[in-house]
Amino acid sequence: MESLGRPLRVGFIGAGKMACAILEGMVLSDQIQATNVLVSAPSDKNLLKFKGCGCMVTHSNEAVVEDCKVVFLATKPHVLPGVLKDISDAVTKEHIIISVAAGITLETLEKVYMFAEALAEGAVKMGMPSDLANKIAAHTLLGAAKMILETGEHPAKLRNDVCTPGGTTIYACHELEKGALRATVMNAVEAGTKRAQDMGKS
Ligand SMILES: NC(=O)c1ccc[n+]([C@@H]2O[C@H](COP(=O)([O-])OP(=O)(O)OC[C@H]3O[C@@H](n4cnc5c(N)ncnc54)[C@H](OP(=O)(O)O)[C@@H]3O)[C@@H](O)[C@H]2O)c1
(Lines give C-alpha, C1' and ligand atoms only; values in the text may rest on other atoms or scores of the structure.)
Protein backbone atom coordinates (compact mmCIF):
# COMPACT_ATOMS: atom_id res chain seq x y z
CA MET A 1 0.00 0.00 0.00
CA GLU A 2 1.33 3.43 -0.90
CA SER A 3 0.35 6.92 0.25
CA LEU A 4 1.66 9.98 -1.63
CA GLY A 5 4.76 8.13 -2.83
CA ARG A 6 5.89 6.81 0.56
CA PRO A 7 4.76 3.42 1.84
CA LEU A 8 1.69 3.61 4.03
CA ARG A 9 2.50 3.50 7.75
CA VAL A 10 0.09 1.52 9.88
CA GLY A 11 -0.08 2.02 13.64
CA PHE A 12 -1.25 -0.16 16.50
CA ILE A 13 -2.07 1.24 19.93
CA GLY A 14 -1.82 -1.84 22.12
CA ALA A 15 0.54 -4.73 21.50
CA GLY A 16 -1.51 -7.70 22.62
CA LYS A 17 -3.12 -10.69 20.98
CA MET A 18 -5.41 -8.74 18.67
CA ALA A 19 -2.68 -6.41 17.40
CA CYS A 20 -0.52 -9.46 16.76
CA ALA A 21 -3.27 -11.36 14.88
CA ILE A 22 -4.24 -8.39 12.68
CA LEU A 23 -0.65 -7.54 11.87
CA GLU A 24 0.15 -11.15 11.06
CA GLY A 25 -2.79 -11.23 8.64
CA MET A 26 -1.70 -8.00 6.95
CA VAL A 27 1.92 -9.09 6.60
CA LEU A 28 1.04 -12.57 5.35
CA SER A 29 -1.29 -11.12 2.72
CA ASP A 30 1.43 -8.68 1.60
CA GLN A 31 -0.62 -5.62 2.55
CA ILE A 32 2.18 -4.14 4.64
CA GLN A 33 5.77 -4.80 5.65
CA ALA A 34 6.57 -4.95 9.36
CA THR A 35 9.12 -2.15 8.90
CA ASN A 36 6.25 0.24 8.07
CA VAL A 37 4.36 -0.55 11.27
CA LEU A 38 4.58 1.45 14.51
CA VAL A 39 3.25 -0.12 17.71
CA SER A 40 2.73 1.45 21.15
CA ALA A 41 2.13 -0.03 24.60
CA PRO A 42 2.91 1.18 28.12
CA SER A 43 5.35 -1.63 28.92
CA ASP A 44 7.91 -3.63 26.96
CA LYS A 45 6.23 -6.92 27.91
CA ASN A 46 4.58 -7.44 24.52
CA LEU A 47 6.25 -4.63 22.62
CA LEU A 48 9.56 -6.48 22.36
CA LYS A 49 7.93 -9.24 20.27
CA PHE A 50 6.91 -6.64 17.72
CA LYS A 51 10.40 -5.12 17.76
CA GLY A 52 11.77 -8.60 17.13
CA CYS A 53 9.53 -8.89 14.04
CA GLY A 54 10.96 -5.69 12.55
CA CYS A 55 8.23 -3.23 13.64
CA MET A 56 9.01 0.19 15.07
CA VAL A 57 7.90 0.53 18.70
CA THR A 58 7.15 3.37 21.12
CA HIS A 59 5.62 4.00 24.54
CA SER A 60 3.78 7.06 23.21
CA ASN A 61 0.26 6.58 21.82
CA GLU A 62 0.33 10.10 20.41
CA ALA A 63 3.49 9.31 18.41
CA VAL A 64 1.63 6.49 16.64
CA VAL A 65 -1.10 8.85 15.46
CA GLU A 66 1.42 11.52 14.47
CA ASP A 67 3.29 9.01 12.33
CA CYS A 68 0.54 6.80 10.88
CA LYS A 69 -2.61 7.66 8.97
CA VAL A 70 -4.21 4.27 9.64
CA VAL A 71 -4.32 3.35 13.32
CA PHE A 72 -5.82 0.31 15.04
CA LEU A 73 -6.89 0.81 18.66
CA ALA A 74 -6.15 -2.62 20.12
CA THR A 75 -6.30 -2.15 23.89
CA LYS A 76 -8.77 -3.44 26.44
CA PRO A 77 -11.96 -1.31 26.49
CA HIS A 78 -11.40 0.03 30.04
CA VAL A 79 -8.19 1.84 28.98
CA LEU A 80 -9.78 3.27 25.83
CA PRO A 81 -10.93 6.59 27.36
CA GLY A 82 -7.31 7.31 28.44
CA VAL A 83 -5.99 6.32 25.01
CA LEU A 84 -8.50 8.60 23.29
CA LYS A 85 -7.35 11.44 25.55
CA ASP A 86 -3.70 10.73 24.60
CA ILE A 87 -4.41 10.91 20.87
CA SER A 88 -7.21 13.48 20.60
CA ASP A 89 -4.94 16.43 19.71
CA ALA A 90 -3.07 14.44 17.06
CA VAL A 91 -6.05 13.02 15.14
CA THR A 92 -6.86 14.84 11.89
CA LYS A 93 -9.61 14.30 9.34
CA GLU A 94 -7.17 12.32 7.16
CA HIS A 95 -6.81 9.63 9.81
CA ILE A 96 -8.57 6.29 9.65
CA ILE A 97 -8.95 5.03 13.21
CA ILE A 98 -10.19 1.47 13.58
CA SER A 99 -11.19 0.34 17.04
CA VAL A 100 -10.74 -3.34 17.75
CA ALA A 101 -11.76 -2.73 21.36
CA ALA A 102 -15.47 -2.53 21.91
CA GLY A 103 -16.57 0.80 23.28
CA ILE A 104 -16.74 4.49 22.54
CA THR A 105 -15.61 4.57 18.94
CA LEU A 106 -16.86 1.22 17.77
CA GLU A 107 -20.39 0.56 18.83
CA THR A 108 -21.89 2.98 16.35
CA LEU A 109 -22.96 0.96 13.34
CA GLU A 110 -26.13 -0.43 14.84
CA LYS A 111 -27.26 3.09 15.79
CA VAL A 112 -26.64 4.38 12.29
CA TYR A 113 -28.48 1.41 10.75
CA MET A 114 -31.42 2.02 13.05
CA PHE A 115 -31.44 5.70 12.12
CA ALA A 116 -31.28 4.87 8.39
CA GLU A 117 -34.11 2.39 8.85
CA ALA A 118 -36.23 4.99 10.66
CA LEU A 119 -35.54 7.64 7.99
CA ALA A 120 -36.56 5.24 5.23
CA GLU A 121 -39.66 4.04 7.07
CA GLY A 122 -40.81 7.63 7.52
CA ALA A 123 -40.54 8.09 3.77
CA VAL A 124 -42.38 4.79 3.16
CA LYS A 125 -45.15 6.04 5.46
CA MET A 126 -45.41 9.10 3.26
CA GLY A 127 -45.76 6.91 0.15
CA MET A 128 -42.22 6.30 -1.13
CA PRO A 129 -41.33 2.76 -2.31
CA SER A 130 -39.13 1.01 0.26
CA ASP A 131 -36.10 0.30 -2.02
CA LEU A 132 -35.91 3.92 -3.10
CA ALA A 133 -36.38 5.14 0.49
CA ASN A 134 -33.48 2.93 1.71
CA LYS A 135 -31.21 4.19 -1.07
CA ILE A 136 -32.03 7.83 -0.38
CA ALA A 137 -31.56 7.34 3.38
CA ALA A 138 -28.12 5.75 2.80
CA HIS A 139 -27.02 8.50 0.40
CA THR A 140 -28.23 11.17 2.81
CA LEU A 141 -26.12 9.67 5.62
CA LEU A 142 -23.13 9.32 3.28
CA GLY A 143 -23.43 12.96 2.17
CA ALA A 144 -23.82 14.22 5.73
CA ALA A 145 -20.80 12.22 6.92
CA LYS A 146 -18.70 13.58 4.01
CA MET A 147 -19.71 17.14 4.88
CA ILE A 148 -18.59 16.68 8.50
CA LEU A 149 -15.23 15.25 7.41
CA GLU A 150 -14.59 17.57 4.48
CA THR A 151 -15.63 20.87 6.10
CA GLY A 152 -14.27 20.04 9.56
CA GLU A 153 -17.31 21.89 10.96
CA HIS A 154 -19.16 20.85 14.10
CA PRO A 155 -22.32 18.88 13.17
CA ALA A 156 -24.44 21.39 15.11
CA LYS A 157 -23.16 24.20 12.84
CA LEU A 158 -23.96 22.18 9.69
CA ARG A 159 -27.45 21.45 11.02
CA ASN A 160 -27.99 25.11 11.84
CA ASP A 161 -26.85 26.08 8.32
CA VAL A 162 -29.66 24.05 6.72
CA CYS A 163 -32.42 25.32 9.03
CA THR A 164 -34.30 28.03 7.13
CA PRO A 165 -36.32 30.16 9.58
CA GLY A 166 -39.87 28.79 9.67
CA GLY A 167 -38.95 26.11 7.10
CA THR A 168 -39.47 22.37 6.92
CA THR A 169 -36.12 21.48 8.54
CA ILE A 170 -36.73 23.30 11.82
CA TYR A 171 -40.18 21.73 12.05
CA ALA A 172 -38.61 18.29 11.61
CA CYS A 173 -35.86 19.14 14.15
CA HIS A 174 -38.52 20.11 16.68
CA GLU A 175 -40.03 16.62 16.38
CA LEU A 176 -36.59 15.04 16.90
CA GLU A 177 -36.11 17.15 20.06
CA LYS A 178 -39.55 16.11 21.35
CA GLY A 179 -38.49 12.47 20.86
CA ALA A 180 -35.18 13.19 22.69
CA LEU A 181 -33.10 11.85 19.79
CA ARG A 182 -29.81 13.27 21.07
CA ALA A 183 -30.34 12.21 24.69
CA THR A 184 -31.36 8.72 23.55
CA VAL A 185 -28.27 8.28 21.35
CA MET A 186 -26.00 9.65 24.11
CA ASN A 187 -27.56 7.17 26.57
CA ALA A 188 -26.98 4.34 24.07
CA VAL A 189 -23.28 5.26 23.68
CA GLU A 190 -22.89 5.43 27.46
CA ALA A 191 -24.66 2.08 28.00
CA GLY A 192 -22.60 0.32 25.29
CA THR A 193 -19.33 1.78 26.61
CA LYS A 194 -20.04 0.82 30.26
CA ARG A 195 -21.02 -2.70 29.21
CA ALA A 196 -17.81 -3.06 27.15
CA GLN A 197 -15.74 -1.76 30.09
CA ASP A 198 -17.40 -4.24 32.47
CA MET A 199 -16.80 -7.10 30.03
CA GLY A 200 -13.14 -6.04 29.67
CA LYS A 201 -12.62 -6.23 33.46
CA SER A 202 -14.08 -9.71 33.83
N1 LIG B 1 -8.37 -11.62 21.93
C2 LIG B 1 -9.46 -11.77 21.16
O3 LIG B 1 -9.78 -12.87 20.66
C4 LIG B 1 -10.36 -10.60 20.84
C5 LIG B 1 -11.34 -10.74 19.86
C6 LIG B 1 -12.13 -9.64 19.50
C7 LIG B 1 -11.93 -8.41 20.15
N8 LIG B 1 -11.01 -8.30 21.11
C9 LIG B 1 -10.85 -7.01 21.74
O10 LIG B 1 -9.60 -6.48 21.32
C11 LIG B 1 -9.04 -5.70 22.36
C12 LIG B 1 -7.60 -6.14 22.62
O13 LIG B 1 -7.63 -7.48 23.08
P14 LIG B 1 -6.29 -8.33 23.26
O15 LIG B 1 -6.72 -9.73 23.46
O16 LIG B 1 -5.32 -8.00 22.15
O17 LIG B 1 -5.74 -7.71 24.65
P18 LIG B 1 -4.31 -7.93 25.29
O19 LIG B 1 -3.61 -9.09 24.69
O20 LIG B 1 -4.50 -7.88 26.77
O21 LIG B 1 -3.51 -6.60 24.83
C22 LIG B 1 -3.84 -5.34 25.29
C23 LIG B 1 -2.69 -4.41 24.91
O24 LIG B 1 -3.08 -3.09 25.28
C25 LIG B 1 -1.93 -2.48 25.86
N26 LIG B 1 -2.31 -1.33 26.68
C27 LIG B 1 -2.80 -1.30 27.95
N28 LIG B 1 -3.00 -0.02 28.34
C29 LIG B 1 -2.63 0.77 27.28
C30 LIG B 1 -2.59 2.17 27.06
N31 LIG B 1 -2.98 3.04 27.98
N32 LIG B 1 -2.14 2.63 25.88
C33 LIG B 1 -1.74 1.76 24.91
N34 LIG B 1 -1.75 0.42 25.05
C35 LIG B 1 -2.20 -0.07 26.22
C36 LIG B 1 -1.28 -3.58 26.68
O37 LIG B 1 0.02 -3.16 26.99
P38 LIG B 1 1.14 -4.11 27.67
O39 LIG B 1 1.69 -4.91 26.54
O40 LIG B 1 2.10 -3.12 28.24
O41 LIG B 1 0.42 -4.93 28.69
C42 LIG B 1 -1.38 -4.72 25.65
O43 LIG B 1 -0.30 -4.66 24.74
C44 LIG B 1 -9.95 -5.89 23.57
O45 LIG B 1 -10.78 -4.75 23.67
C46 LIG B 1 -10.76 -7.09 23.25
O47 LIG B 1 -12.05 -7.02 23.83
C48 LIG B 1 -10.19 -9.36 21.46
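Residues numbered from 1 in each chain as written. Predicted model: local features only at pLDDT ≥ 70, side-chain atom pairs only at ≥ 80, totals over all residues. Heavy atoms only, no water.

The protein goes by Pyrroline-5-carboxylate reductase 3 in an unreviewed UniProt entry, where it is assigned to Geotrypetes seraphini. A UniProt comment under Subunit (unreviewed entry) is attached to the protein, and it reads "Homodecamer; composed of 5 homodimers." Entered under Sequence similarities (unreviewed entry) in the UniProt record, the comment concerning the protein runs "Belongs to the pyrroline-5-carboxylate reductase family." (UniProt positions renumbered as here; feature names shortened; annotations may be inferred.)

Moving on, we come to the site of the ligand. Contacts to the ligand come from 20 residues, most closely from Ala 15, Met 18, Ser 43, Asn 46 and Thr 75. With respect to the ligand, the backbone of Ala 15 contributes an N or O atom lying 2.8 Å from an oxygen atom. Take Thr 75: an N or O atom from its main chain is 2.9 Å from an oxygen atom of the ligand. Considering the ligand on its own, with 910 Å² of exposed area, one finds that the protein chains cover 70% of that surface. Contributing elements (two or more residues each) for the shell around the ligand: helix 1 (17-28) and helix 2 (44-52). In terms of residue class, the shell around the ligand is made up of 11 nonpolar, 6 polar and 3 charged. (Near = heavy atom within 4 Å. Polar contact = N/O pair within 3.5 Å; in protein donor to acceptor, adjacent residues only side chain to side chain. Areas by Shrake-Rupley, 256 points an atom, 1.4 Å probe, with all protein chains shown as cover. Helix = DSSP H or I, 4+ residues; strand = E, 2+ residues; numbered from the N terminus. Nonpolar A, V, L, I, M, F, W, Y, C, P; charged D, E, K, R; others polar.)

What follows concerns a negative patch on the surface. A cluster of acidic residues, Glu 62, Glu 66, Asp 86 and Asp 89, forms a negative patch at the surface. By the secondary structure assignment, Glu 66 is in helix 3 (residues 61-67). Judged by relative accessible area, which is 54%, Glu 66 ranks as exposed. (Patch = residues over 30% accessible without salt bridge, like charges linked within 9 Å, V, L, I, M, F, W, Y side chains within 5 Å. Salt bridge = Lys/Arg side-chain N within 4 Å of Asp/Glu carboxyl O. Lys, Arg positive; Asp, Glu negative; His and termini not counted. Charge placed at Lys NZ, Arg CZ, Asp CG, Glu CD. Buried < 20%, exposed > 50% of the residue type's maximum accessible area, 1.4 Å probe, protein only.)

This part is about a positive patch on the surface. Residues Lys 17, Lys 45, Lys 49 and Lys 76 make up a contiguous surface patch of positive charge. Following the sequence through the fold, Lys 49 ends up in helix 2. Residue Lys 49 is classed as partly exposed on the basis of its relative accessible area, which comes to 46%.

Structurally, Asn 61 can be placed in helix 3. Judged by its relative accessible area of 13%, Asn 61 falls in the buried class. Apart from residues lying up to four places away in sequence, Asn 61 is in contact with Ile 13, Ser 40, Val 83, Asp 86 and Ile 87. (Contact = heavy atoms within 4.5 Å.)

Two or three places before Lys 45, at the opening of helix 2, Ser 43 has a side-chain oxygen 3.2 Å from that residue's backbone nitrogen. In the stretch just after helix 2, Gly 54 is the one whose phi turns positive, near 100°.

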